[in-house]
Amino acid sequence: MDDSHSKISDDITIYIDEDHVLISGLEQHHIDMAMAMGKETREWQEIIAGLDSIALTYTPDDISHDEDLLSKAQHFLEQITPENHNSIDRPAAITLDICYDDVFAPDLPIVAEHLGLSPSAFPNWHKTQKFHVAMLGFLPGFAYLSMADCPEMRTATPIKRLANPRNHVAAGSFGLLSGQGGIYALSGPGGWPIIGRIAQKLFDPHASPAALLQHGQQILLNPVTMAEFDGIRQGEKP
Amino acid sequence: MTAYLEICESGLQTTVQDGGFRGLRHQAISQCGAADPLSLALANIALGHHVGKSGLEITLAQEMANGFAMRYHCDETDITLRCAIAGAPCPVTINGAAMKTNRAFTLKNGDNIQWGAPPFGCRSYCALSADFDLPMVMNSHSTHIAGGFGGYKGRALQKGDKITLKPSKAIANIQGDDQLPVHMASMTIAPWITNHHHILHIIDAPESAIFAAETDALCTQKWSVSGRAGRMGIMLTPANPPLEDTHTHAPHNTHIMKSGPVFPGTIQLPPHGHPFILGVDGQTTGGYPRIGRVIRADRHILGQLRPGDTVEFRAISTDIAKQKWQQKIYGWSSLCAPEILQKIW
């Protein structure tokens, strides 16, 4: 290991690049804390979440020495450890309308089968699961969701990515893998099994922030019919 | 007054770009912007503009019959448009007459300007005295192709598109010498693109230690730019694959890691084993091992790599990388203040 990597503990490593520091081997609570702090920080240009890591970006001219960077990163790491968690300011939960119509949910039958559910029982099961935004990545506003443990997932046949990824997955599509969800904010390619579509506009380049979903946010799901879905989409048009 | 550019031939890919989207990676918004920001900067400097003013990025990697062409229209015929071109040394003609390179020049109503394929490099940048009449998206005119927003309708330009230019003082007639300042003339055909071989300095990345053999292999052989090369990234293949081994695949990597932040210049090792260098449009997170990163001082070169070019990597420390960056940006200080230039580079 060269001098760009510093091992902080058995799990945690700090890696120093020219324009960012990467802290890896983190737990979800560290990352949630870091992202909540990110809105107020003046120390770093930007804080970017990974699933078990964070990147802290900086302007090279602001911090010239690696030793300063390492101590700054260590200081940041101390701030996101559990004893400081009472100060965390989580974003409010958001309710999203989701339609499970066949047209929007091509992979619902197979996913339901893996979970030991009938397709008609799937929506009720899905809406009661606890999803949190664990990371935005892949495509603008695309939300990776962590999913709380549940008996169906524990006994399910693993739900894998599609063998043949689709070239076009519509904006709003909800993908589900074992223990993980993903919401397409914009249309794009991808191999997630798709089990429904969110009615709300999830990415608006002219809004600030452009992405509707924020890191750490809890997702509450409200099943809607196709007619209601259309009504919500129509209502959003100016 | 109504003035616009009419796209007559689209080229391989032509987009409106500036310094890109900055500080938005936490929303999974790629940097975008000019793939070779220094060439865009040069074109803007030639017109006396801010280095990050939006211009056209014109990609012409292959011999193309029609190249890229556009026509300047203005209903007040005495109002001309100043342009400057930098980047890959494309042959440029105005109304069929060959242009001398290294010059700013003036377009009159109805003038047709055409780019041909360059002998090396692949992206040419055209700066304009007028502003595009396009909405700013997240403080930028850059085109986010995968996201379908920004620039002109969120996409590459197509034949028949008309980009309206804002009436401004800058569009008005400027008389005078078309020759660029002497100190720029030597730089305008970017000195970093002189042939089909490129040397890129790299530093270690988060998984370099776990993939020590693959990381070392980056520097012990020459690489070839594959056909998968664009603003998203560049896939490399060994330049001289062992003859007896041409049908076996690169070692399959089965390392499982959780997705984490990646950046322009990050070299990923996908399961097929061929290194993939992320470009300015590259996604913000990735799940493949990161085995190196092209240093900041060299990243603008990535915008000029074209299929068939060869690449040699040289591994250096992060400290040396920072020194190289300092040297390069201060080398530019007669043209642009470092604190301004670093915002787009």
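A.B. asks: Can you help me understand the overall build of chain A in this one?
C.D. replies: Tallying secondary structure elements over chain A gives six helices and 14 strands in all. Projected onto its principal axes, the C-alpha coordinates of chain A cover approximately 60 × 45 × 35 Å. Expressed as a percentage of the 238 residues in chain A, the buried residues total 53%. Long-range pairs, those at least 24 residues apart, make up 62% of the contacts in chain A between residues at least 6 apart in sequence. Roughly 10800 Å² of accessible area belongs to chain A as shown, and the carbon and sulfur atoms make up 49% of that amount. Looking at chain A, you have 15 positive and 32 negative side-chain charges, and the mean spots of the two groups are 11 Å apart.

A.B. asks: Sorry, what's going on with the sheet that holds strand β4 (residues 46-49) of chain A here?
C.D. replies: Pairing between sheet strands relies on hydrogen bonds along the backbone, with the strands arranged either parallel or antiparallel. All names here are of chain A. Strand order across the open sheet formed by five strands is β1-β2-β3-β5-β4, with antiparallel pairing between neighbours. Unpaired on one side and paired on the other, β1 (5-7) and β4 mark the two borders of the sheet. Here the strands of the sheet are splayed against their neighbours by 15 degrees on average, with no regard to which way each runs. Direction of pairing for β4 relative to strand β5 (residues 53-57): antiparallel, over a ladder of four bridges. Of the residues in β5, the one forming a bridge with I48 is A55.

A.B. asks: Just checking my understanding: could you explain the packing of aromatic side chains for this structure?
C.D. replies: Centre distance and the angle of the planes are the two values used to describe a pair of aromatic rings. Residue and element names in this part refer to chain A. Taken as a whole and assessed by the stated rule, the structure comprises 14 aromatic pairs over all chains. Ring geometry for F138 and Y184: centres 6.2 Å apart, planes at 80 degrees, overall edge-to-face. Of this pair, F138 sits in the loop between β7 (131-136) and β8 (143-147) while Y184 is found in the loop between β11 (180-183) and β12 (188-190), placing the two residues 46 residues apart along the sequence. Across the pair, Y184 and F138 agree in class, each one buried. Arranged with centres 5.8 Å apart and planes meeting at 50 degrees, the rings of F142 and W192 form a pair that is tilted. Note that F142 is positioned in the loop between β7 and β8 and W192 in the loop between β12 and β13 (194-198), a separation of 50 residues in sequence. Each member of the pair, F142 as well as W192, carries the same accessibility label: buried. Aromatic rings pair up to connect F138, F142, Y144, Y184 and W192 into one cluster. Of note, K72 hangs over the ring of W44, and the distance from its end group to the ring centre comes to 4.7 Å.

A.B. asks: Looking at this model, I keep getting lost on the side chain of B:D309. Mind explaining?
C.D. replies: Residue and element names in this part refer to chain B. Turning to its location among the elements, D309 is positioned in the loop between β21 (290-294) and β22 (310-315). Despite being buried, D309 has no salt bridge partner; R306 is the closest side chain of opposite charge, sitting 4.6 Å away. A distance of 2.8 Å separates the side chain of D309 from the side chain of H198, its partner in a polar contact. Setting aside chain neighbours within four positions, we find D309 in contact with H196, H198, W223, S224, V225 and Q304.

A.B. asks: Can you help me understand the nonpolar core in this one?
C.D. replies: Within soluble globular proteins, side chains that are nonpolar tend to cluster in buried spots. Grouped together as the largest cluster of nonpolar side chains are 51 residues, with contacts concentrated most on B:F313, B:W332 and B:L341. For this core, the secondary structure elements donating two or more residues are α1 (37-46), β5 (81-87), β14 (197-203), β15 (223-229), β16 (233-238), β21, β22 and α4 (318-331) of chain B. Per element, the largest residue contribution to this core is six residues, and it comes from α1(B). One finds A:I98, A:Y100, A:M147 and A:L186 within the second-largest nonpolar core, a separate group that totals 44 residues.

A.B. asks: For this particular structure, what's the right way to read the sheet that holds strand β3 (residues 55-59) of chain B?
C.D. replies: All names here are of chain B. Taken in spatial order, the five strands of this open sheet run β2-β3-β10-β5-β8, and their pairing is antiparallel. Each edge of the sheet is formed by a strand with only one pairing partner; in this case those strands are β2 (13-17) and β8 (104-107). With strand direction ignored, the average angle separating the axes of adjacent strands in the sheet is 25 degrees. Sheet analysis places β5 next to strand β10 (residues 123-128), joined by five bridges and oriented antiparallel. When the bridges of β10 are listed, C83 appears paired with L128.

A.B. asks: When you look at the pairing of β16(B) in this model, what are you seeing that I'm missing?
C.D. replies: Residues and elements named next belong to chain B. In the sheet, β15 pairs with β16 via four bridges, with the strands oriented antiparallel. In the strand pairing of β16, S224 is matched with T237. Counted between consecutive antiparallel strands, the loop separating β15 from β16 contains three residues. In this sheet, strand β19 (residues 276-278) lies alongside β16 in antiparallel orientation, the contact comprising three bridges. Bridge pairing links G233 to L278 in β19.

A.B. asks: Honestly, the interface of chain A and chain B in this entry has me stumped. Any pointers?
C.D. replies: Accessible area lost when the parts come together is the quantity often used to give the size of an interface. Across the boundary between the two partners, chain A contributes 47 residues, which contact 41 residues of chain B. Carbon and sulfur atoms make up 56% of the surface buried where chain A meets chain B, a total of about 3300 Å² over both sides. Close ionic contact of B:R293 with A:D17 constitutes a salt bridge, the shortest N to O distance being 3.0 Å. Taken together, chain A and chain B are joined by 16 residue pairs in polar contact (both at pLDDT 80 or more).

A.B. asks: I'm lost on the pattern of salt bridges in this one. Help?
C.D. replies: Here the idea is simple: oppositely charged side chains can pair when their charged atoms come close. This structure, assessed with the given rule, holds 15 salt bridges over all chains. A salt bridge links A:D149 to A:R154; the nearest nitrogen and oxygen atoms lie 2.6 Å apart. A single burial state applies to A:D149 and to A:R154, both of which are exposed. When salt bridges that share partners are traced, they join A:D17, A:D19, B:R293 and B:R299 into one network.

A.B. asks: Mind showing me how you'd approach the confidence of the model for chain B here?
C.D. replies: Detailed reading of the predicted coordinates is not advisable wherever pLDDT is low. All names here are of chain B. Confidence in the prediction for chain B averages 88 pLDDT; 87% of positions are at 70 or higher. Ignoring residues within four places in sequence, the model shows residues 171-177, a span with pLDDT below 50, making 16 contacts including any to other chains. Counting interchain partners and residues more than four positions distant, the pLDDT-below-50 stretch residues 245-250 has three contacts. Here the predicted complex carries an ipTM of 0.93, next to a pTM of 0.93.

Quick notes on the rules
Residues numbered from 1 in each chain as written. Chains lettered and ligands numbered in written order. Predicted model: local features only at pLDDT ≥ 70, side-chain atom pairs only at ≥ 80, totals over all residues. Heavy atoms only, no water. Helix = DSSP H or I, 4+ residues; strand = E, 2+ residues; numbered from the N terminus. Buried < 20%, exposed > 50% of the residue type's maximum accessible area, 1.4 Å probe, protein only. Contact = heavy atoms within 4.5 Å. Areas by Shrake-Rupley, 256 points an atom, 1.4 Å probe, with all protein chains shown as cover. Lys, Arg positive; Asp, Glu negative; His and termini not counted. Charge placed at Lys NZ, Arg CZ, Asp CG, Glu CD. Pairing = 2+ DSSP bridges. Axes fitted to C-alpha atoms, helices over the stretch in contact; angles between N-to-C directions. Phe/Tyr/Trp six-rings, centres within 6.5 Å; stacked < 30°, edge-to-face > 60°. Lys NZ or Arg CZ within 6 Å of the ring centre and 35° of its normal. Salt bridge = Lys/Arg side-chain N within 4 Å of Asp/Glu carboxyl O. Polar contact = N/O pair within 3.5 Å; in protein donor to acceptor, adjacent residues only side chain to side chain. Core = buried A, V, L, I, M, F, W, Y, C linked by side-chain atoms within 4.5 Å. Buried area = accessible area lost by both parts, 1.4 Å probe. pLDDT = per-residue confidence, 0-100.

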